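Letter by letter, the chains look like this.
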Amino acid sequence: MKTDLTDTTSSKINKALVLGRRAIGTPAVGMVLTLVIVTDEENAYDALKAANEASREHPSRTLVVIKRVSRTPRDRAKARLDAEVRLGADASTGETVVLRLYGEVVDHAQSVVLPLLLPDAPVVVWWPVNAPTDPANDPLGALAQRRVTDTYAAEQPIQELTARADAYTPGDTDLSWTRITPWRSMLAAALDQVACEVTSAEVEGEEFNPSVELLAMWLAERLTIPVRRSKSAGPGLTSVRMETNAGPIVLDRPDGSLATLSIMGQPDRAVALKRRDTAELIAEELRRLDPDDTYASALRFGLERLDEEAATTAPAPVEPEAGDVVVVEGGTEGVEAEETPKRAAKKAPAKKAAAK
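Q: Explanation requested: the pattern of salt bridges in the structure shown.
A: Pairs can form between side chains of opposite charge whenever their charged atoms are close. One pass over the full model with this rule turns up 17 salt bridges. When the shortest N-O distance is used, the salt bridge between Arg164 and Glu160 registers 3.2 Å. Here Glu160 and Arg164 lie together in helix 5 (residues 157–166), a separation of four residues that amounts to about one turn. As far as burial versus exposure is concerned, Arg164 and Glu160 are alike and both buried. We note a salt bridge from Arg241 to Glu243, for which the minimum N-O separation is 2.5 Å. Where salt bridges share partners, they join Arg21, Arg61 and Glu95 into one cluster.

Quick look at the structure:
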């Protein structure tokens, strides 16, 4: 059941919800929370689809706040609210209200949303794109117990992580962190099978993926070890290698679906580690509404500190000395570094190529 309301108010929307529930024969409210989605017109469909799928596990009232762009001064001076109320089969197991804000009301979205929140029920605010730098101090974020962002959708994902760490408030979380939950579970289970001490680790994944950084910071913070990060063609995270005194532990996922867990002294095992869609990520976040202390610790570890720790394991560059022998494809020849520094610098890469 769908009801379109043009140039309406929050009071009329609440009345439409009550009348709609009576019309479909469910006058009681069976929702467990209010999910507020703040997005734009371009991403509204995908976000609402994910929320509807997640509502099968968490029946909720979903409020989609779409701030429309006013292109002229006349339009910006006019305040208007349009709404679309969806109930029954059109809203999965919950209730959906799509709010389109025009003009001055865009800057006062919280005054529209507040009367529509379920009484005595937790509130979760999710920004699929264009999340504020400080979600807790955002007018809509201040209404929520949990604030969900996604740094992967930011223009500069890695720099966004630093801003999130500086502005972190208990209740903040990130879908980039949720994406690595299976990886963290698998790595923790692997370490439980072997009595060993981890000395270093390497995390491999696609470039500009904040999940790679978060997993590296989590390993560095929990195990107190240096962690390297390396780039791959993806998709997403592709490999984690932990060096231990009992041999390496490797979790490799080259295709984004099936991973291989390799532990020294044990046969390789295939494990399901598929990339999850947004609906699964949102459903996981809605299972717990208390602050995620593990995420906070990993986020606050800091990218700068991670770089410093990783640098301690990097091999120091070898400077050529007088009398060094440089290996080339045609054989070897003695090179006096002091007399011919340019010639020695050119032949050094040939040594690496031959070794490979």
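Q: Any chance you could explain the side chain of Thr149 here in plain terms?
A: In this fold, Thr149 is placed in strand 7 (residues 146–149). Thr149 gets classed as buried once you look at its relative accessible area, which sits at 1%. At a separation of 3.4 Å, a polar atom in the side chain of Thr149 contacts the side chain of Arg164.

Q: Sorry if this is basic, but what is going on with the pairing of strand 5 (residues 95–102) here?
A: Regular strands have side chains that alternate between both faces of the sheet. Taken across its eight residues, strand 5 has seven buried, putting it largely inside the fold. The pairing of strand 3 (residues 60–67) with strand 5 spans seven bridges and is parallel. Bridging from a neighbouring strand, Val64 pairs with Val98 of strand 5. In terms of strand pairing, strand 4 (residues 80–86) meets strand 5 through seven bridges, oriented antiparallel. Residue pairing for strand 5: Ala83 is matched across the bridge by Leu99.

Q: When you look at the sheet that holds strand 3 in this model, what are you seeing that I'm missing?
A: Whether parallel or antiparallel, the strands of a sheet pair through hydrogen bonds between backbone atoms. If you walk across this open sheet you meet the eight strands as 1-4-5-3-2-6-7-8, and the pairing is mixed. At either end of the open sheet lies a strand with only one pairing partner, and these are strand 1 (2–5) and strand 8 (172–174). Neighbour-to-neighbour, the strand axes of the sheet open up by a mean angle of 15 degrees, direction not taken into account. Looking at chain direction, strand 6 (residues 123–126) and strand 7 are connected through three bridges and run parallel. Residue pairing across strands places Trp126 opposite Val148, the latter belonging to strand 7. Together, strand 2 (33–39), strand 6, strand 7 and strand 8 form the strand contacts of helix 9 (residues 278–287), whose direction differs from that of strand 6 by roughly 145 degrees.

What counts, and at which threshold
Residues numbered from 1 in each chain as written. Predicted model: local features only at pLDDT ≥ 70, side-chain atom pairs only at ≥ 80, totals over all residues. Heavy atoms only, no water. Salt bridge = Lys/Arg side-chain N within 4 Å of Asp/Glu carboxyl O. Helix = DSSP H or I, 4+ residues; strand = E, 2+ residues; numbered from the N terminus. Buried < 20%, exposed > 50% of the residue type's maximum accessible area, 1.4 Å probe, protein only. Polar contact = N/O pair within 3.5 Å; in protein donor to acceptor, adjacent residues only side chain to side chain. Pairing = 2+ DSSP bridges. Axes fitted to C-alpha atoms, helices over the stretch in contact; angles between N-to-C directions. Contact = heavy atoms within 4.5 Å.

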